[in-house]
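Breakdown of the fold
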Amino acid sequence: MTQYIENASRRRFLKGSAGLTLALYFPWQMAAAAESMGSTEDGDSQAFEPNAFLRIDEDNKVTVIAKHLEMGQGTYTGLATIVAEELDADWSQVQVESAPADASRYNNLHWGPNQGTGGSSAIANSWQQLREAGATARAMLVAAAAQQWEVSAAEIVVESGVVKHEPSGNEASFGELAEAAAELSVPAEVTLKDPADFTLIGRHIQRQDSPDKTTGQAEFTQDIHLPDMLTAVVAHPPRFGARLSSFDDAEARQVKGVVEVVEIPSGVAVLAKDTWSARQGREALGIEWDESGAFSLGTEEIFERYRELAESAGTVAEQRGDADAALAETEHTLEAAYDLPYLAHAAMEPLNCVIQLSEEGCEVWNGDQMQTYDQSVLAELFDLTPEQVRINTLYAGGSFGRRAAKGADYIVEAAHIVKAIDGRVPVKLVWLREDDMRAGNYRPLFHHRLWAGLDEQGQLVAWRHRLVGQSVAEGSPFEAMIQDGIDPTSVEGASNLPYAIANFQVELHTPSDIGVPVQWWRSVGSSHTAFSTECFIDELASEAEKDPVAWRLEMLADHPRHAGVLELAAEKAEWGQPLADADDEGALRGRGVAVHESFNSWVAQVAEVTVQSNGNVRVDRVVCAVDCGIAVNPDVVKAQVEGSIGFALTAALYGEIRLTEGRVEQSNFHDYQPLRIGAMPAIEVHIVTSAEAPSGIGEPPVPPLAPAVTNAIFAATGKRIRRLPIADQLAS
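Residues numbered from 1 in each chain as written. Predicted model: local features only at pLDDT ≥ 70, side-chain atom pairs only at ≥ 80, totals over all residues. Heavy atoms only, no water.

Some thoughts on the pairing of strand S22 (residues 460–469)
Condition: Relative accessible area decides the class of each residue, using a 1.4 Å probe on protein chains only: under 20% of the type maximum gives buried, over 50% gives exposed, and in between gives partly exposed. Counting from the N terminus, the helices are the DSSP runs of H or I reaching at least four residues and the strands are the DSSP runs of E reaching at least two. Think of it this way: DSSP has to see at least two bridges between two strands before they count as a pair.
Extensive coverage of S22 is indicated by the burial of nine of its 10 residues. As judged from the nine bridges shared by strand S21 (residues 446–454) and S22, these two strands associate in the antiparallel manner. Residue pairing for S22: Phe446 is matched across the bridge by Gly469. Counting the residues in the hairpin turn of S21 and S22 gives five residues, including Gly458, whose phi is positive at 80°. Sheet topology note: the S22/strand S23 (residues 503–509) ladder contains seven bridges and is parallel. Paired with Arg464 across the strands is Gln505, a residue of S23.

Encoded structure:
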């Protein structure tokens, strides 16, 4: 029997609207939520509004409240689809709005008491929660209709946003029933749909954000224009760790449109009436930097230091059997080292933020990825309570992890500017592409060294993997993840290698004296571990004279989802069949494979490449099989796979942030080259049919791409690529 609890927030809601707001009740949160909401004006019971994900208005609009940032990955569409499915809404009546910053209602269930988006967790952590939200609203609408029509609720059906009682001919829209439904108690338990009855999930439907982005109605930070607002750009030091010594702003203040120049902890900010004037003012500054404590190593010097560290044993992250003993006893051993560079996030929308102070507190507008953390940082800076920091989460033009910044760097920078002018006007901070490229927070540079032993039958019996690189968790809100000196994001994809290897050891060196700011980058640790492990597995398969797919499958007997995507990708790519000859004279063609799991999703890719006689590499085709549980929106899954492949191919072919004496060489897309449309390969995406709950899809297709491509290069040329980017390594 369905149980009911009191809808404590109903009366407060009815004061402002004749519609229905749904709130799901979790007993352990009720006390905190009630305390935070306070008493209602008429002395009625305290408001109770936890986890409010759905609003139905009299005009029959269904508004889904999205607790996750939409940064192009399709989150709004996925979240809305889950709610609309269980509600049996018509897709045309569904709209999405961003949730306020309020972790008591909108926390990421994978992150504890914190609201935020990352780790490909949006759909995965919302799946059950939003299904229940939609089903609960549906039950209340049905109960309201049954009460009005004096019929049994069991006789009522809901189809495409219409509630019907066929025996009597009665029917009503959601909007017509909203007020009556709001008078009812919220059921504590509801029955969810059998997936066989899904009508929206797994089907083609239009993305929620596409119309507004197509027409220009979508609101990004750059679209915010407040009265008297000033735009700020900041002059940052040319080396990490350098400090401001002195500056002369006389010429900058002469630039038309420049209003003020202020010193802040991260540099010198120029405030103007528009971005161009602020930029011109910054260029007119005379600045002296104190570089006595600045980081001054170059890329090759860092690699050399890492290689020296890799000569000695690191902290053990994972161990089974005795890899050292097995390697010593095995006559047939192989060793390889792999180098991966710093990488910028390079999202299409560089970092930006608008902040306004008032008597009530602080208000923020930006594409915010970690609302709870940013609230707490700003509250401390402005001596406010977190509740006094209101964050308006807008669309973000990409992120790939950059907007989930350690120390909330760009947001704090904007706050310092506001504070420096005593909060008298709102400020929009704008990072230009050069600022975004050179101010750090990169994917860490990593060195990998691997050893393996094969027995007489060519079986892999020993594996030792030593990694050297900076920690992204250190100094972040997730620093508690580091246990016994191991940042799990440094070794993920390596420490949980799925292949059956009896003697296995993974070690980590985390240097503490490298002053380059680092941060999670799309697919985090797997972005570098998959390259080293899947390339080395391929090298070992060649050494054992085994087919790369068949050899992997032999060692994946206990990992059926790895094996499933690998078999599917190989089948669709016609693995084992000869490739057509290249059109270019002297060009060589090859096919390579890689498989990897990250964020609880499994991806295998087969890449087909052409290596031209001058050493240029063209990736012709990528066949990708993905197992991400139930595909809520197959089109969004496909788009994410295609985007991930393009993103990963950029990094594999060209991506590199290089330092010379501590200075970043790259500044914009002319020297940090993105993949051009003409270089995009043909992509086939095959989604494994699954009854498992959805898992991540925004990041998992990234890791297998580079090893699949370099393994294909080996198949074509017999040459191994052990350092990224590939660039001109094959040039004669």
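A short note on the packing of helix H19 (residues 634–653) against helix H20 (residues 705–717)
Note the cut-off: Geometry is summarised by axes, namely lines fitted to C-alpha atoms with helices restricted to the contacting stretch, and by angles between N-to-C directions that run from 0 to 180 degrees. Roughly parallel means an angle under 35 degrees; roughly antiparallel, over 145; roughly perpendicular, 65 to 115; everything else is oblique. Two helices that cross are described as forming a left-handed crossing if the nearer one is turned anticlockwise from the farther one by less than a right angle, and a right-handed crossing if clockwise. Two residues form a contact once any of their heavy atoms are found within 4.5 Å. Note on residue categories: nonpolar means Ala, Val, Leu, Ile, Met, Phe, Trp, Tyr, Cys or Pro, charged means Asp, Glu, Lys or Arg, and polar means any other residue, Gly included.
It is at 9 Å that the axes of H19 and H20 come closest, and there the two elements cross at 55°. It follows that H19 is oblique to H20 by the angle criterion. Our pair here, H19 against H20, has a crossing hand that is right-handed. Of the residues in H20, those touching H19 at Ile645, Ala648, Leu649 and Ala652 are Leu705, Ala706 and Val709. Its residues assigned to classes, the contact of H19 with H20 shows seven nonpolar, no polar and no charged.

Structural notes on empty space enclosed by the protein
What counts, and what does not: Space inside and on the surface of the protein is sampled on a 1 Å grid over the protein atoms alone, with a cavity defined as a set of points where a 1.4 Å probe fits but cannot get out and a pocket as an open set with protein on both sides within 12 Å along at least 5 of 7 lines; lining residues have an atom within 4 Å of a point. Grid points are joined across faces, edges and corners, and a volume is the space filled by probe spheres set on the points.
Summed over all chains, the structure comprises seven cavities of 30 Å³ or more. Approximately 110 Å³ is the volume found for the largest cavity. Lining the largest cavity are 14 residues; nearest its centre among them are Ser527, Ala648, Ala651, Ala706 and Leu724. Tallying contributions element by element places H19 first for the lining of the largest cavity, with three residues. Residues of the lining of the largest cavity, tallied by class, amount to 11 nonpolar, two polar and one charged.

A word on H20
Put simply, the rule is: Take the number of residues in a helix, subtract one, and multiply by 1.5 Å to get its expected span.
Look at H20: 18 Å from first C-alpha to last across 13 residues, which is about the 18 Å you get at 1.5 Å a residue. The buried count for H20 comes to 10 of 13 residues, which makes it a mostly enclosed element. Residues Leu705, Ala706, Pro707, Ala708, Val709, Thr710, Asn711, Ala712, Ile713 and Ala716 constitute the buried set of H20. Directly after H20, the chain includes Gly718, whose backbone phi takes a positive value near 80°.

So, the packing of aromatic side chains
Basically, it comes down to this: The criterion for an aromatic pair is that two Phe, Tyr or Trp rings (for Trp, the six-membered ring) have centres within 6.5 Å, with stacked assigned to planes under 30 degrees apart, edge-to-face to planes over 60 apart and tilted to the rest.
Applying the stated rule across the entire model yields 12 aromatic pairs. Between Phe240 and Tyr442, the ring centres sit 6.3 Å apart and the planes meet at 75°, which makes this aromatic pair edge-to-face. With Phe240 in the loop between strand S10 (230–235) and strand S11 (243–248) and Tyr442 in the loop between helix H14 (433–438) and S21, this residue pair connects regions lying 202 residues apart in the sequence. Assigned by exposure class, Phe240 and Tyr442 land together as buried.

Quick notes on the sheet that holds strand S29 (residues 682–687)
Hydrogen bonds between backbone groups are what pair the strands of a sheet, and the pairing can be parallel or antiparallel. Ordered by their spatial adjacency, four strands build an open sheet running S24-S25-S26-S29, and the pairing between neighbours is mixed. Both outer strands of the open sheet, strand S24 (588–598) and S29, are each paired with one neighbouring strand and no more. For this sheet, the mean inter-axis angle between neighbouring strands, taken without regard to orientation, is 15°. Bridging between S24 and strand S25 (residues 601–611) involves 11 bridges; their strand directions are antiparallel. Its bridge partner being in S25, Arg591 is matched across the sheet by Glu608. Sitting on the sheet, H19 is in contact with S25, strand S26 (617–627) and S29, with an inclination near 135° to S29.

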